[in-house]
Each structure stands twice: as structure tokens, then as C-alpha cells.
Amino acid sequence: MSKVRRFAVLTGGGDCPGLNAVIRGVVKTFLNNGCEIYGVLNGFNGLINGTLVPMSHASISGILQRGGTVLGSTNRDNPFKFAVEKDGEITYEDRSADIVANLQKYEIEALVVIGGDGSLNIGAQLARESGVKVVGCPKTIDNDLPCTERTFGFDTAMAMATEALDRIHTTAESHHRVMALEVMGRYAGWIALHSGIAGGADVILLPEIPYKIESVIKKIEDRKAAGKDFTIIVVAEGAKPEGGELSVARIVKNSFEQIRLGGAGEKLVREIEERTGIESRCTVLGYLQRGGTPTAFDRVLSTRYGVAAAEACLRGEYNVMVSLCHDKIETVYIQRAAGNRQVELDNEIIKAGRQLGISFGD
Ligand code: F6P
């Protein structure tokens with residue numbers, strides 16, 4: 001009798017709407033094809049420490065619409081640079097051999113890594129240097145991964161930011177204020193751009209286009225002169241003034257990416273208020289963009305990614321990431337897929353925004 005094929009799945013990095021829907025797609029596809037599937041707890045930490053649990057139909061029941069990840073996650077614990085603290089000092093160890101040993105111990109044929117840039121990079125390194133068979137799934141609200149048109153989670157984040165803009169509009173109008181909404185996205189402006197268009201923003205500030213404060217103020221004053229005594233601004237957390245610095249909120253040692261952005265919106269509204277005398281406020285949307293139930297679009301995309309990742313494993317097609325291309329799910333070489341993708345300056349949505357008279361601060 002031939003041996004039952006066994007696989008494992010993990011979620012790495014920040015949580016993201018749709019993670020559970022991907023897990024469900026992966027698990028159902030493996031089980032329905034006569035395979036066994038283990039869930040790795042808390043990202044790569046679980047692979048280093050050998051905390052894997054067998055998944056069944058019962059373990060994924062009712063999770064399609066749930067936010068977060070039933071497997072747990074972390075954006076720390078890079079196995080190739082695992083931080084160990086001793087007497088207040090941090091040293092780094094390579095724990096990738098533990099991963100290989102645990103995968104062998106559990107007789108796992110291949111690993112599905114559901115993650116963003118940091119986790120996919122680790123997956124790619126495990127494939128390259130440790131011979132682990134990996135299939136990646138592109139996760140992040142930031143939509144900043146190359147080699148795919150969409151990451152899952154982005155649609156939900158964009159919808160949340162759009163709803164926030166609709167709500168902010170009413171206060172801006174009633175109080176004749178400048179209202180800024182700071183959105184996430186790290187070094188890419190996808191959430192800011194899409195929600196700014198959907199939410200009817202007057203100014204959209206992206207990391208890709210360093211802004212001139214004078215241009216932003218001109219837009220506010222032009223609107224005032226035209227009888228519009230309020231202005232809505234979407235500011236990406238990675239936006240910065242021309243010749244200025246990024247707004248760094250904190251440094252998280254031992255994280256895949258140590259810098260955490262934050263504060264760009266508050267910095268902007270203070271300067272606007274100082275220069276114009278118009279009352280200005282900033283709302284930071286933060287983790288509301290990441291938590292809670294995924295949109296229908298994200299549930300469908302996540303399910304497609306999960307099924308496709310398991311199917312790639314079943315075919316023995318490894319060291320790839322599943323990706324969306326012209327609304328079809330394809331596979332791309334994982335080494336190419338782990339990286340960052342910013343908004344292109346000639347992006348058609350930026351051009352459409354300019355036609356509408358939206359200022360990008362340049
Ligand atoms: O990558 C997702 C994201 O939410 C970014 O938009 C944000 O900059 C970062 O993660 C925040 O990370 P943390 O959860 O560590 O604060």
C-alpha cells in the first residue's frame with residue numbers, strides 16, 4: 001500500500017483578512033484528495049519548535065468569514081536569524097536545521113507558506129538553501145508583492161479605509177476642517193490610492209510621490225476659493241515630504257522588517273494648521289484595516305489561492321508562489337515573487353485621479 005502524502009501549512013507575518021479562508025481552501029483540497037495536512041502554530045516559530053497539529057474538516061469548520069488566523073502568526077522568528085536574548089544582549093542563531101529536522105520527523109513532503117514579503121523570503125531561502133519544498137500564497141493588506149496583480153486582504157483593507165473616508169467627510173463638511181486619514185501600506189501606496197479614489201479624497205499622498213507642503217496647501221486654498229471649505233486628505237503611512245524623512249513610529253527588534261511607520265498624518269495636519277490657520281485633524285485607521293471579516297472578493301480570492309497552493313503540491317510543482325494574472329491563478333517562481341512592489345508613477349489610477357483634479361502633492 002502506498003504511503004499517504006502529508007503536507008503542512010503555516011501563516012506568517014501580520015494577520016490579514018482572508019487568512020482563514022486560505023487555510024480552509026488548503027486543508028479541504030488536501031483532505032478531499034486523500035492527503036494528510038498539518039497546521040504549523042505561530043508561523044516559523046512552530047516549525048523551529050515542532051508545534052504542528054493535524055488538521056481535519058472539523059478544525060476548519062466555520063472559519064471562512066473569520067478574521068485573523070486560527071494557526072496563529074508572528075512577524076518575528078526568522079529561522080536564519082533567530083534572536084536569542086541572554087543577559088540583556090541579543091545574539092542571532094541559524095535555526096533552519098531545526099525546521100528541516102521537524103519536517104522530516106513529521107514526514108512532511110512540502111510546506112505551504114501563507115505570507116507577505118518577509119515570510120515568502122524565508123520560504124524562498126528555505127527552498128534555496130535547505131532543500132525544503134515550498135509553495136507560497138501572497139498575503140498582505142499592503143498589496144505590495146511583485147508577480148501578482150492582487151494579494152488577498154487588500155480588498156478588505158481598501159473597503160475599510162473607504163468607509164472611514166465616508167464617515168470623515170461628514171465631520172469635515174460640518175466643521176469646515178481639513179481632515180486627514182492615515183492608512184497603512186508600508187512603502188507602497190496601494191491602500192491610499194484605491195481608497196482615496198473610492199472615498200472621493202481631494203489630496204492623496206503616496207510614498208512613491210514625495211509631497212510639497214505648498215502644493216497641498218494650494219489645493220486647500222483653491223477649494224476654499226471655489227466655495228469648498230473642507231478638504232479630505234488620504235495620507236499613506238509611508239508618505240514623506242520632498243527632501244524629508246519617513247515618519248517612524250517604532251523599531252521592533254527581531255522582526256523580519258524592523259521599522260514600523262506611523263505619524264505621517266499628524267505631522268501633516270499640524271503643518272497645515274500652522275500655515276493656514278484652518279482647523280485640521282488626523283485619524284489613524286491602524287489595525288482596523290487588518291482585523292475582522294474579509295470582503296466577498298477576498299474570500300473568493302483567498303479560497304482560490306488556497307486551493308491552487310494545494311493543487312501545486314499535489315502535482316509536485318514546488319518552489320513557486322500562486323499568483324493572480326489577468327484574473328487567472330498561475331504559479332510563479334518563489335525567488336522572484338518575494339520582494340516589494342510600489343505603485344508605478346504612470347499608474348492608470350493616478351492618471352485618472354489627476355483628471356479628476358485630485359492633488360498628489362507634487
Ligand atoms: O504589512 C502589513 C502592515 O499592517 C503594514 O501595513 C504596517 O506597516 C505593518 O504591517 C504594521 O506592523 P505591526 O503589526 O508589526 O505593527
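Residues numbered from 1 in each chain as written. Predicted model: local features only at pLDDT ≥ 70, side-chain atom pairs only at ≥ 80, totals over all residues. Heavy atoms only, no water.

Q: Can you tell me about the packing of helix H1 (residues 19-32) against helix H9 (residues 296-315), naming the residues and giving the values?
A: Two numbers describe how H1 lies on H9: the axes approach to 7 Å, and their chain directions differ by 35 degrees. Relative to H9, H1 is oriented so that their crossing is right-handed. From H1, Ala-21, Val-22, Arg-24, Gly-25, Val-26, Thr-29 and Phe-30 reach across to H9, where they touch Arg-299, Ser-302, Thr-303, Gly-306, Val-307, Ala-310, Glu-311, Cys-313 and Leu-314. The residue makeup of the contact of H1 with H9, split by class, is eight nonpolar, five polar and three charged. (Axes fitted to C-alpha atoms, helices over the stretch in contact; angles between N-to-C directions. Helix = DSSP H or I, 4+ residues; strand = E, 2+ residues; numbered from the N terminus. Left-handed = near helix turned anticlockwise from the far one by under 90°. Contact = heavy atoms within 4.5 Å. Nonpolar A, V, L, I, M, F, W, Y, C, P; charged D, E, K, R; others polar.)

Q: How would you explain the sheet that holds strand E2 (residues 36-40) if you had to name every residue and give the values?
A: On the basis of which strands lie adjacent, the open sheet formed by seven strands has the order E3-E2-E1-E6-E7-E14-E15 and mixed pairing. The sheet terminates laterally at strand E3 (52-54) and strand E15 (328-333), the two strands that pair on one side only. Adjacent strand axes in the sheet meet at a mean angle of 30 degrees, parallel and antiparallel pairs treated alike. Across two bridges, the pairing between strand E7 (residues 134-138) and strand E14 (residues 320-325) is parallel. Within the sheet, the bridge partner assigned to Val-135 lies in E14 and is Val-320. (Pairing = 2+ DSSP bridges.)

Q: Give me the lowdown on the packing of helix H6 (residues 190-198) against helix H11 (residues 348-356), citing residues and values where you can.
A: Between H6 and H11, whose axes approach to 11 Å, the crossing angle comes to 40 degrees. As judged from the angle between their axes, H6 and H11 are oblique. For the pair H6 and H11, the crossing hand works out as left-handed. In contact with Leu-193, His-194 and Ile-197 of H6, H11 contributes Ile-349, Ile-350 and Gly-353. Residue composition of the contact of H6 with H11, by class: four nonpolar, two polar and no charged. (Parallel < 35°, antiparallel > 145°, perpendicular 65-115°, else oblique.)

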